[in-house]
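Here is what each chain is made of, one letter per residue.
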Amino acid sequence: MISRRGWRAEDPSGSYTRITRTRGVKVHYTGGYVNPKIVDDHRICIELVISFQRMHMSGGRGEKYIDLGYNLVACPHRRVFMGRGPGVVPAANGPGLNSEHYAVLALVGSSGFTEPNDELLHAVVDAVEYLRREGGAGREVKGHRDGYATSCPGGPLYAWVRAGAKRPKEEPDPKPTPKPNPKPETSWMEALVKNLPPLKPGDEHKHVKTLRCLLLARGVQEPKNLHSFVYDDALTADVEAFKKAKGLGSGPAWTKECWIKALS
């Protein structure tokens, strides 16, 4: 479970309507494009949840919600984000339908990432079981389209709901050992960077021109200075701006870490 603080949720703008039980849970999807890289990059999940809260609270669904419209959000890494939580009426099921079922959003889309992986299905079941245990949810598990005119939660996810919303046959370890997110380019990049020297203000070197070209490609360097071999004051300012944007600290020197960030 990822707490609201864990995903940097905004505080609700008003008071929730409380409930003690529901008939069950309705499952939703995003209804838009979800980057297929989400399966390998959990940061995309966090960004999506934040964007949905902002959209709901700004009136992107036709009216301003006081908070994210869902009680919980399930992601393809078997993580469950705390939305409104249990014991609270959602805002996502449709007029007149919110007090009957809790709402769980699965981070799968209508394009891009459309086929829920096993970890996402486990997360949805985890969310349903949590709402039964903590919020008095009944046994029903339905799709958003059940009772409301919508295509949500999409064909693949709705088929799973209609089949009983069961866990995948082989349940993974609920606490898997985190695996690094390898970058295929790292090996050749490291080899290349070994042959690129650190640079500092005052240097006059052919690699200063290479540095200028990289900064131009990253939208930092001015084209008029592109062919200069001198690490001058203007280039120092550009390097500072690049390092700040990439979270590399401060300082005028161009380091190995700067080469890697600029090349990646």
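Residues numbered from 1 in each chain as written. Predicted model: local features only at pLDDT ≥ 70, side-chain atom pairs only at ≥ 80, totals over all residues. Heavy atoms only, no water.

In the nomenclature of an unreviewed UniProt entry, the protein corresponds to N-acetylmuramoyl-L-alanine amidase from the organism Planomonospora alba.

Our next topic: the pattern of salt bridges. Here the structure, examined in full by the defined rule, presents 10 salt bridges. Across the salt bridge formed by D203 and K200, the nearest N and O atoms sit 3.4 Å from each other. Where D232 meets R212, a salt bridge forms, and the shortest distance between an N and an O atom there is 3.3 Å. With D232 in the loop between α5 (206-217) and α6 (233-245) and R212 in helix α5, this pair connects stretches of sequence that are 20 residues apart. (Salt bridge = Lys/Arg side-chain N within 4 Å of Asp/Glu carboxyl O. Helix = DSSP H or I, 4+ residues; strand = E, 2+ residues; numbered from the N terminus.)

To continue, consider α6. Compared with the 18 Å implied by 1.5 Å per residue over 13 residues, the 19 Å span of α6 between its first and last C-alpha is a close match. Looking at the buried residues of α6, the elements they touch are α5 and α7 (256-263). The backbone nitrogen of A234 has a side-chain oxygen 3.3 Å away, supplied by the residue at the start of α6, namely D232. Where α6 terminates, the next one or two residues include G247, which has phi positive at roughly 70°. (Expected span 1.5 Å × (residues − 1). Contact = heavy atoms within 4.5 Å. Polar contact = N/O pair within 3.5 Å; in protein donor to acceptor, adjacent residues only side chain to side chain.)

The subject of this paragraph is the environment of P201. Among the secondary structure elements, P201 is positioned in the loop between α4 (186-194) and α5. A relative accessible area of 36% places P201 in the partly exposed class. Each C-alpha atom, one on P201 and one on D238, is 12 Å from the other, the two residues being 37 residues apart in sequence. Discounting chain neighbours no more than four positions away, the residues touching P201 are Y231, T236 and P252. (Buried < 20%, exposed > 50% of the residue type's maximum accessible area, 1.4 Å probe, protein only.)

Turning our attention to the pairing of strand β3 (residues 72-75). Of the two faces of β3, the one carrying L72 and A74 and the one carrying V73 and C75 are both buried. Examined bridge by bridge, β3 and strand β4 (residues 79-82) share 4 bridges and lie antiparallel to one another. Looking at the pairing, L72 lines up with M82 of β4. Here β3 folds back onto β4 in antiparallel fashion, the turn holding 3 residues, of which R78 has a positive phi close to 55°. Both β3 and strand β5 (residues 101-106) contribute to a ladder of 3 bridges, which runs parallel. Directly across from L72, in β5, lies its bridge partner V104. (Pairing = 2+ DSSP bridges.)

Let us now look at the sheet that holds β5. One open sheet accounts for 5 strands, arranged β4-β3-β5-β1-β7; its pairing is mixed. The open sheet terminates on both sides in strands that have one partner only, identified here as β4 and β7 (137-143). Looking at each pair of strands side by side, their axes are set apart by 25° on average, direction ignored. In this fold helix α1 (residues 42-58) packs onto β3, β4 and β5, with an angle of close to 25° to the strand it touches most, β4. Across the face of the sheet, helix α3 (residues 155-162) comes into contact with β1 (22-28), β5 and β7 while running at roughly 140° to β7. (Axes fitted to C-alpha atoms, helices over the stretch in contact; angles between N-to-C directions.)

Core analysis: the biggest nonpolar cluster contains 49 residues, and F81 and L107 have the highest contact counts within it. Taken together, the elements giving at least two residues each to this core come down to β1, α1, β3, β4, β5, α2 (118-135) and α3. Sequence-distant contacts of L107, defined by excluding residues within four places in its chain, comprise T30, V34, I38, C45, L48, V49, V73, A74, C75, P76, F113 and L120. Ranked by size, the runner-up nonpolar core spans 15 residues in total, among them L199, L235, F242 and W259. (Core = buried A, V, L, I, M, F, W, Y, C linked by side-chain atoms within 4.5 Å.)

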